[in-house]
Amino acid sequence: MKIVCSKDNLVNGVQIVQRAVSSKNTLPILSGILIKTEGDTLKLTATDLEIGIECRIPVTVIEEGSVVLPARYLGDIVRRLPDTKIEIITNQENFSTAIKYGKSEFTIHGLAAEDFPLLPDIQGQQSFSIKADLFINMIKQVVFATSVNSNRPIFTGALLTVENDDLIMVATDTHRVAFCRSLTNGVNSQLNVIIPGKSLNEISRIMNNDDDEIKMTITDNQILFEGEGICLISRLIEGQFPNYQQVLPQGYKSKVKINTRELIEAAERAALLARDGSSVIKLEIKADKLMISSNTPDIGRAYEEINVNLVGEDIQIAFNSKYLLDALKVIDTEEIYLELNGPLSPGVLKPVNNDNYIYLILPIRTV
Amino acid sequence: MCYNNYRKHQFEGVVKKTMAENSLRRIIHIDMDAFYAAVEQRDNPQLRGKPVIIGGRTDSRGVVSTASYEARRYGVRSAMPMAQAYRLCPQGIYLPGDHRKYRAVSGQIGAIYREYTPLVEPLALDEAFLDVTGCEKLFGTAEEIGRKMKERISKEVGLTASVGVAHNKFLAKLASDIKKPNGFVIVGPEEVREFLSGLPVGRLWGVGEKTAALLQGWGIKNIGQVARLPMEVLEEKLGAWGRQLYFLARGIDDRPVIPDHQVKSVGHETTFDLDVQDKELLLTTLLDLTLEVGRRLRKKGLVGRTVTLKLRYSDFKTITRAATLEEATDLDNRIYYTAAELLEREDTGQAVRLLGVTVSKLCSGDEGQISLFNQGREKEEKLTGAVDGILDKFGDGAITRARLLK
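No experiment lies behind these values; they were computed from the predicted model shown.

**Regarding the overall build of chain A**
Point 1. Looking only at helices and strands, chain A features seven helices and 26 strands.
Point 2. For chain A, buried positions account for 54% of its 367 residues.
Point 3. Expressed as a percentage of contacts within chain A between residues at least 6 apart in sequence, the contacts between residues at least 24 apart total 66%.
Point 4. Here chain A displays about 17,600 Å² of accessible surface, and carbon together with sulfur accounts for 44% of that area.

Laid out in structure tokens, this is it:
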């Protein structure tokens, strides 16, 4: 193999696929990146068998071929290359690969491309497209609510489904539920899959070109995302996602309209003195005032007061400040509604004038 | 040489500085006199003035947990095998002890301490360190506080305590111990050298039989002699620990009084009266131990991820086997099934002498964080909570597993 490419394209390609490289050394070849000439592009592939990422970058192909190069070294090397024409030459006999730039070069021992597992060929049972910015926005508003604890796998993923022709994404770690709806059309109504949170995070990282479309193809246990020059294959999480509709409260006893920015800042300050671990902050809403307080016995206490607009009963409730702030940070409206049904019932955050995002947060029982 | 001199200077600087700072602290150590035995004597006048020994059965492998002062006259000591105690004092009154009662009394005493300072570090049910630095304006000097507490324990609880007052934990504990029972000893900063010099090296915190024997080998018997040893010698012979010894021998101890001692693990173990080979009996005992561990975890509001099984075989070979759970727990069943699986995996061809289970890698529970979609666990939590409630209300044994019925 012999190709010529620009440093920027090479760095870009390596960085896109690098996150799929296996961190566990179960199969040595999986710690590498497969590079292969295809027409006048170079295709880079990495996988840890849970997720696979493929990316094509424009190159000048002088001689066709393929090789697997160690991802860690390849990543470190290409990032430090000078901004010049880069030549990659592989000896297809022993897979020794030279990366040449100007008068200098690296020589890396590669592995045979044939040993690299093929990404599964996803033949669409179902497929549809969605605007990249729309989909990535959904991911950003929802995926943080997935659980990091692999104890109950269902909760490490987000549900992607269709309700009345709208695309719905929901995630929960049992302490909060994030729900996002996107108005799309032409989506197959049979869709109902749980996608690992990690895969969704990767999508939002690598397919962030606003104008592109993302095409999704779904099989029984895998999902393929295709964007401009990039594709990502992820396994799906098996199981039944809990009935999130059932837990969304229908009404409220107290409804508060709060300036998002003010609430974020007050909650962030109060969180500084929230006890480690559960990060409890207390909210008290009385007339048109919201008081946020926290207390760490050894250090001291914090008290914040902001003006709000309350409809309904006065109330006191305690939340984990992280759970509250996570959602406030992805809500992009100037004001939010906080709907409450008593100190031990879930609270609901909604952007003002936007029915498409609902965030349910479970309180902390304080004695 | 130069370097050593420099180091010596540096250390002397540290010594002087630490002494100055430490003499500002006011630490009280309170140790209840023959606590368990005293509680029994208090509650049963017929036991007063008689040798009372609390511990396991005399025909078993149990040890003495407390001996009244009357019993100590016969040579009975804590941690002595019960059989030996019985030989020394056959006329003694042997009781199994009622830990629930002792815990309650201990709580009553702890409440008195906390009226004077929040800095209370309980070491056991019967002893605690208190830091009363800065309480003078409120309650008087450390000496006055110590006397008041001693008096109140006597009046309100009906028990005697020995009290030591000094400027650090090491000295305070020594002071409380020196005139037991019903003692009250103050060690002022100026009296430290005199107070320590004649005491045997075994009184130094952390010096056990081994180190004592080692020091005796060098002809060193009392603390005064240790205090004359240069730091370099102690460090060379005993490593980093020698350095601690250097400071302790001079009455220097920086350890703070830490309220609510942080628990690293919660465990329970038992030694069988007769070695056991029957797996079913081992599992039954394991369940019994697990219920105790689970209950203690829940009382402390802790959850743990690692379950450790401990087995000592009849030849005294001791093994531990651990498993880590995906999710921290305080539920009896989860701990039991994990420990039972570890036990099943062991080849118990040999009879077992001791069985224990411990939960570690602790963290505080969710502290009231409410969850959704937890039906399975919620049910188990509710069940466990209900059982705990019954036990709290009606006492241990009010409800138990069918398997544990005798």
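**Considerations on the overall build of chain B**
Point 1. Summing up its helical and strand segments, chain B has 16 helices and 12 strands in all.
Point 2. Buried residues in chain B amount to 45% of all 406 residues.
Point 3. A separation of at least 24 residues holds for 67% of the contacts in chain B among residues at least 6 apart in sequence.
Point 4. Roughly 21,400 Å² of accessible area belongs to chain B as shown, and the carbon and sulfur atoms make up 52% of that amount.

**Quick word on the pattern of salt bridges**
Residue and element names in this part refer to chain A.
Point 1. One pass over the structure, following the stated rule, counts 41 salt bridges over all chains.
Point 2. With its nearest N and O atoms 2.9 Å apart, the salt bridge here joins Asp173 to Arg176.
Point 3. On the accessibility criterion, Asp173 (12% relative accessible area) is buried.
Point 4. Relative accessible area serves as the criterion here: at 3%, Arg176 is assigned to the buried category.

**Thoughts on unusual backbone geometry**
Point 1. Residue Pro181(B) is reached from Lys180(B) by a cis peptide bond, and omega for that bond is -10°.
Point 2. Even without being glycine, Thr174(A) reaches a positive phi, approximately 80°.
Point 3. In this fold, Thr174(A) is placed in the loop between β12 (166–172) and β13 (176–183).
Point 4. With a relative accessible area of 7%, Thr174(A) lands in the buried category.
Point 5. You will see that Asn182(B), though not glycine, has its phi angle at about 55°, which is positive.
Point 6. By the secondary structure assignment, Asn182(B) is in the loop between α8 (169–178) and β8 (184–186).
Point 7. For Asn182(B), a relative accessible area of 46% puts it in the partly exposed group.

**Let's talk about the interface of chain A and chain B**
By convention, interface size is frequently given as the accessible area that disappears when the constituent parts associate.
Point 1. Contacts between the two partners involve 23 residues from chain A and, on the opposite side, 11 residues from chain B.
Point 2. Linking chain A to chain B there are zero salt bridges.
Point 3. Across the chain A-chain B interface, the total number found is three residue pairs in polar contact (both at pLDDT 80 or more).
Point 4. Across the side of chain A that touches chain B, the residue classes break down as 11 nonpolar, nine polar and three charged.

**Considerations on the confidence of the model for chain B**
Residue and element names in this part refer to chain B.
Point 1. With 91% of its residues at a pLDDT of at least 70, chain B reaches an overall mean of 84.
Point 2. Low confidence marks residues 1–20, where pLDDT is under 50. Its contacts with residues over four positions away, or in another chain, come to 11 contacts.
Point 3. Here the predicted complex carries an ipTM of 0.80, next to a pTM of 0.62.

**Considering the nonpolar core**
Point 1. Ile33(A), Phe135(A) and Phe225(A) are the most contacted members of the largest nonpolar core, which has 99 residues in total.
Point 2. Among the elements that take part in this core, helix α3 (residues 132–142) of chain A stands out by supplying six residues, more than any other.

**Observations regarding the pairing of strand β1 (residues 2–6) of chain A**
Point 1. For β1(A) and strand β5 (residues 60–63) of chain A, the ladder comprises three bridges, and the chain directions are antiparallel. Within β5(A), the residue paired with Val4(A) across the bridge is Thr60(A).

**Focus: the sheet that holds strand β3 (residues 64–67) of chain B**
All names here are of chain B.
Point 1. Spatial strand order, β3-β2-β4: three strands in an open sheet with mixed pairing. The sheet is open, and its two edges are formed by β3 and β4 (93–95), each paired on a single side. Across the sheet, the mean angle from the axis of one strand to that of its neighbour is 25°, orientation sign disregarded.
Point 2. For strand β2 (residues 52–55) and β4, the ladder comprises three bridges, and the chain directions are parallel. For Val52, the partnering residue across the bridge sits in β4 and is Ile93.

**Topic: helix α6 (residues 260–271) of chain A**
Point 1. Between its terminal C-alpha atoms α6(A) stretches 16 Å, which fits the 16 Å expected from 12 residues at 1.5 Å a residue.
Point 2. Where α6(A) begins, one side-chain oxygen reaches toward the backbone nitrogen of Arg261(A), 2.9 Å away; that side chain belongs to Asn259(A).

**Quick word on a positive patch on the surface**
Residues and elements named next belong to chain B.
Point 1. On the surface, Arg100, Arg103, Lys299 and Lys300 cluster together into a positively charged patch.
Point 2. Among the elements of the structure, α5 (99–116) and α14 (279–300) are those that each provide at least two residues to the positive patch.
Point 3. Relative to the helices and strands, Lys300 is located in helix α14.
Point 4. Since its relative accessible area comes to 45%, Lys300 is described here as partly exposed.

**Observations concerning the sheet that holds β5(A)**
All names here are of chain A.
Point 1. With antiparallel pairing, the five strands of this open sheet are ordered in space as β5-β1-β7-β8-β9. Edge positions in the open sheet fall to β5 and β9 (104–109), since each of these has one partner strand only. Here the average twist between neighbouring strands, direction ignored, is 20°.
Point 2. Here five bridges tie β1 to strand β7 (residues 85–90), and the two strands are oriented antiparallel to one another. Looking at the pairing, Lys2 lines up with Ile89 of β7.
Point 3. The sheet strands contacting helix α1 (residues 7–18) are β1 and β7, and the helix crosses β1 at an angle near 100°.

**Thoughts on the packing of aromatic side chains**
Point 1. In this structure the tally under the stated criterion is 12 aromatic pairs over all chains.
Point 2. Summarising the aromatic geometry, the rings of Phe135(A) and Phe225(A) are spaced 6.0 Å apart at their centres and angled 35° between planes, so their arrangement reads as tilted. In this pair, Phe135(A) sits in helix α3 while Phe225(A) sits in strand β16 (residues 222–227), placing the two residues 90 residues apart along the sequence.
Point 3. According to the relative accessible area criterion, Phe135(A) is buried, its value standing at 0%.
Point 4. Since its relative accessible area comes to 0%, Phe225(A) is described here as buried.
Point 5. A ring pair is formed by Tyr246(B) and Phe247(B), whose centres lie 5.4 Å apart and whose planes are at 85°; its orientation type is edge-to-face. Across this residue pair, the class does not change: Tyr246(B) and Phe247(B) are buried.
Point 6. Of the aromatic side chains, those joined through ring pairs into one cluster are Phe35(B), Tyr36(B) and Tyr102(B).
Point 7. Above the face of the Tyr337(A) ring, Lys255(A) is positioned so that its terminal group lies 4.2 Å from the ring centre.
Point 8. If you follow Arg72(B) out to its NZ or CZ, it ends over the ring of Tyr69(B), 4.4 Å from the centre.

**So, the packing of α6(A) against helix α7 (residues 321–328) of chain A**
Residue and element names in this part refer to chain A.
Point 1. Relative to each other, α6 and α7 sit at 150°, their axes nearing to 10 Å. In terms of their interaxial angle, α6 and α7 are classed as roughly antiparallel. α7 is crossed by α6, and the crossing has left-handed handedness. Here α6 contributes Thr260, Leu263, Ile264, Ala267, Glu268 and Ala271 to the contact with α7, which in turn contributes Ser321, Leu324, Leu325 and Leu328.
Point 2. Of the residues belonging to the contact of α6 with α7, the class tally is seven nonpolar, two polar and one charged.

Thresholds applied
- Residues numbered from 1 in each chain as written.
- Chains lettered and ligands numbered in written order.
- Predicted model: local features only at pLDDT ≥ 70, side-chain atom pairs only at ≥ 80, totals over all residues.
- Heavy atoms only, no water.
- Helix = DSSP H or I, 4+ residues; strand = E, 2+ residues; numbered from the N terminus.
- Buried < 20%, exposed > 50% of the residue type's maximum accessible area, 1.4 Å probe, protein only.
- Contact = heavy atoms within 4.5 Å.
- Areas by Shrake-Rupley, 256 points an atom, 1.4 Å probe, with all protein chains shown as cover.
- Salt bridge = Lys/Arg side-chain N within 4 Å of Asp/Glu carboxyl O.
- Polar contact = N/O pair within 3.5 Å; in protein donor to acceptor, adjacent residues only side chain to side chain.
- Nonpolar A, V, L, I, M, F, W, Y, C, P; charged D, E, K, R; others polar.
- pLDDT = per-residue confidence, 0-100.
- Core = buried A, V, L, I, M, F, W, Y, C linked by side-chain atoms within 4.5 Å.
- Pairing = 2+ DSSP bridges.
- Axes fitted to C-alpha atoms, helices over the stretch in contact; angles between N-to-C directions.
- Expected span 1.5 Å × (residues − 1).
- Patch = residues over 30% accessible without salt bridge, like charges linked within 9 Å, V, L, I, M, F, W, Y side chains within 5 Å.
- Lys, Arg positive; Asp, Glu negative; His and termini not counted.
- Charge placed at Lys NZ, Arg CZ, Asp CG, Glu CD.
- Phe/Tyr/Trp six-rings, centres within 6.5 Å; stacked < 30°, edge-to-face > 60°.
- Lys NZ or Arg CZ within 6 Å of the ring centre and 35° of its normal.
- Parallel < 35°, antiparallel > 145°, perpendicular 65-115°, else oblique.
- Left-handed = near helix turned anticlockwise from the far one by under 90°.

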